[in-house]
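The chain contents come next:
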Amino acid sequence: MSELQAIIFDVDGTLADTERDGHLPAFNQAFAEAGLDWTWSAELYGELLAVTGGSERIKHFISTHQPAMPAVADLDGFVRHLHQQKTRHYVQRVAAGGIPLRPGVARLIAQCRAQDVRLAIATTTSLPNVEALLVKTLGADSMDWFEVIGAGDVVPAKKPAADIYHYVLQQLGLTAAACIAVEDSRNGLLSAKGAGLKTLITVDDYTRGQDFTGAALVLDQLGEPGRPFKVLAGDAGNAGYVDLALLRNLHGRR
Ligand code: XBP
Ligand code: MG
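Residues numbered from 1 in each chain as written. Chains lettered and ligands numbered in written order. Predicted model: local features only at pLDDT ≥ 70, side-chain atom pairs only at ≥ 80, totals over all residues. Heavy atoms only, no water.

Novice: Pulling in residues and values, what's your account of the overall build of the protein chain?
Specialist: Check the secondary structure of the protein chain and you find nine helices and seven strands. In terms of overall size, the protein chain behaves like a compact globule, its C-alpha atoms giving a radius of gyration of 18 Å where 254 residues would be expected to give roughly 18 Å. Principal-axis analysis of the C-alpha atoms places the extent of the protein chain at approximately 55 × 35 × 35 Å. The buried share of the protein chain, taken over its 254 residues, is 51%. Across the protein chain, the fraction of contacts at a sequence separation of at least 24, relative to all contacts at a separation of at least 6, is 63%. Carbon and sulfur atoms make up 50% of the accessible area of the protein chain, which amounts to about 11,300 Å² in all. A gap of 3 Å separates the mean positions of the 23 positive and 29 negative side-chain charges of the protein chain. (Helix = DSSP H or I, 4+ residues; strand = E, 2+ residues; numbered from the N terminus. Rg over C-alpha atoms; globule rule 2.2 N^0.38 Å. Buried < 20%, exposed > 50% of the residue type's maximum accessible area, 1.4 Å probe, protein only. Contact = heavy atoms within 4.5 Å. Areas by Shrake-Rupley, 256 points an atom, 1.4 Å probe, with all protein chains shown as cover. Lys, Arg positive; Asp, Glu negative; His and termini not counted. Charge placed at Lys NZ, Arg CZ, Asp CG, Glu CD.)

Novice: How would you sum up the site of ligand 1? Please name residues and give values.
Specialist: Taken together, the neighbourhood of ligand 1 is formed by 17 residues, with Gly54, His83, Lys86, Thr125 and Ser126 sitting nearest. Gly53 is positioned with one of its backbone polar atoms (N or O) 2.9 Å from an oxygen atom of ligand 1. Starting from 440 Å² of accessible surface for ligand 1 in isolation, the protein chains cover 97%. Mapped onto the shell around ligand 1, the elements with two or more residues apiece are helix H1 (19–33), helix H3 (54–65) and helix H4 (75–95). A per-class count over the shell around ligand 1 returns one nonpolar, 10 polar and six charged. (Near = heavy atom within 4 Å. Polar contact = N/O pair within 3.5 Å; in protein donor to acceptor, adjacent residues only side chain to side chain. Nonpolar A, V, L, I, M, F, W, Y, C, P; charged D, E, K, R; others polar.)

Novice: Break down the coordination of the magnesium ion (ligand 2) for me, citing the residues and quoting the values.
Specialist: Bound to the magnesium ion (ligand 2) on the protein side are Asp10 (OD), Asp12 (O) and Asp184 (OD), at distances that span 2.1 to 2.2 Å. Coordination of the magnesium ion (ligand 2) draws on donor residues from a single chain, spaced D-x1-D-x171-D in sequence. With Asp12 in the loop between strand S1 (6–9) and H1 and Asp184 in the loop between strand S4 (179–183) and helix H8 (186–194), the pair connects residues that are 172 residues apart, well separated along the chain. Each member of the pair Asp12 and Asp184 is classed as buried. (Donors = N, O, S within 2.8 Å, 3.2 Å for Na, K, Ca; no water.)

Novice: Would you mind going over the side chain of Asp204 in detail, with residue names and values included?
Specialist: As for its position among the elements, Asp204 is in the loop between strand S5 (198–202) and strand S6 (217–219). Buried Asp204, no salt bridge; nearest opposite-charge side chain is Arg102, N-O distance 4.6 Å. Every residue in contact with Asp204, bar those within four places of it in the chain, is listed here: Gly13, Asp17, Arg102 and Asp184. (Salt bridge = Lys/Arg side-chain N within 4 Å of Asp/Glu carboxyl O.)

Novice: Would you mind going over the sheet that holds S5 in detail, with residue names and values included?
Specialist: One open sheet accounts for seven strands, arranged S3-S2-S1-S4-S5-S6-S7; its pairing is mixed. The open sheet is flanked by strand S3 (148–150) and strand S7 (231–233), the only strands paired with a single partner. The mean angle between the axes of side-by-side strands here comes to 25°, regardless of whether they run parallel or antiparallel. Alignment of S1 against S4, held across four bridges, turns out to be parallel. When the bridges of S4 are listed, Ile7 appears paired with Ile180. (Pairing = 2+ DSSP bridges. Axes fitted to C-alpha atoms, helices over the stretch in contact; angles between N-to-C directions.)

Novice: An account of the pattern of salt bridges is requested, with residue identities and associated values reported.
Specialist: Inspection of every chain in the model, using the stated rule, returns 10 salt bridges. Here Lys158 ties to Asp153 by a salt bridge, and the two come within 3.0 Å at their closest N and O atoms. The class of Lys158 is buried, set by a relative accessible area of 16%. Assessed through its relative accessible area of 66%, Asp153 is described here as exposed. Across the pair Arg186 and Asp211 runs a salt bridge whose closest N-O atoms are separated by 3.7 Å. Of this pair, Arg186 sits in helix H8 while Asp211 sits in the loop between S5 and S6, and the two are 25 residues apart along the sequence. Classification of Asp211 by relative accessible area gives partly exposed; the value is 39%. When salt bridges with common partners are traced through the structure, they connect Asp10, Lys159 and Glu183 into a single cluster.

Novice: Please give an account of helix H9 (residues 244–252) that cites residues and values.
Specialist: Taken as a whole, H9 has its buried residues at Leu244, Leu246, Leu247, Leu250 and His251. Taken around the axis of H9, the buried residues stretch over an arc of 160°, which confines them to a single face. Buried residues belonging to H9 abut S1, helix H5 (105–114), S4, S5 and S6. (Arc of directions from axis to C-beta.)

Novice: Break down the packing of aromatic side chains for me, with residues and values.
Specialist: Evaluated as defined, the whole model comprises nine aromatic pairs. On the basis of an interplanar angle of 70° and a centroid distance of 6.1 Å, the ring pair of Tyr45 and Tyr206 is categorised as edge-to-face. In this pair, Tyr45 is assigned in helix H2 (residues 42–48) and Tyr206 in the loop between S5 and S6, connecting sequence segments 161 residues apart. Residue classification places Tyr45 among the buried positions, given a relative accessible area of 0%. Between the NZ or CZ atom of Lys86 and the centre of the ring of Phe27, over which it lies, the distance is 4.6 Å. (Phe/Tyr/Trp six-rings, centres within 6.5 Å; stacked < 30°, edge-to-face > 60°. Lys NZ or Arg CZ within 6 Å of the ring centre and 35° of its normal.)

In short, shape yes, function no, at least from these values alone.
Pasting the structure below:
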């Protein structure tokens, strides 16, 4: 087994709890602005999250929940416009603050940088959303800390397809064996595992209870000194928070 050389992070649900207070209200704002009487509840949104990608999610909603919607001449264009407006609202919300990083995220990223472990991102969300979150929470130069940011439509098939992880690995010039992925959802796990990556899961309110068979370790959060994680599946030894020592240990296991 080669040395651990890079950590590949998911964004939504993993770096921050962005869905309920960020994406969901942004979708609803875009719908209202377009004169649509669609309002997604937090519960419905939990179901719609099974479909990754905002445009894909809107299309899925139309086909499953709005069968009587009058035909639109250019459905793709209609959805693309709605999703652009949603992205605008999301970016504004994040830039206004109020969506913090999850516990341990900033600490782990700082430790990776200090020890020259390479950083990358593999996400389904759109690039402006990633930039807004990183800049607001980690500072203006933090986009440069991540050698590769694989986001949104850079690959045709979103998670649970493995394409985004294949793309990031190829851009890093590394094999899956040299990296670990950090994810929060089953779709993310399937994507990372599909590319051959060992995967650490930190669940959130929307993903707790999903099937994480095949994950290296399943935790409720990365944890901090004095704020230990709970182990939901797997063996974390004596560790109470995720640091590079624990990631190297997970990476070295068969
Ligand atoms: C995130 C997503 C995204 C966001 C919305 O999944 O599915 O679609 O919900 O962002 P993951 P966009 O964390 O697995 O990458 O509207 O920009 O798609
Ligand atoms: Mg996620």
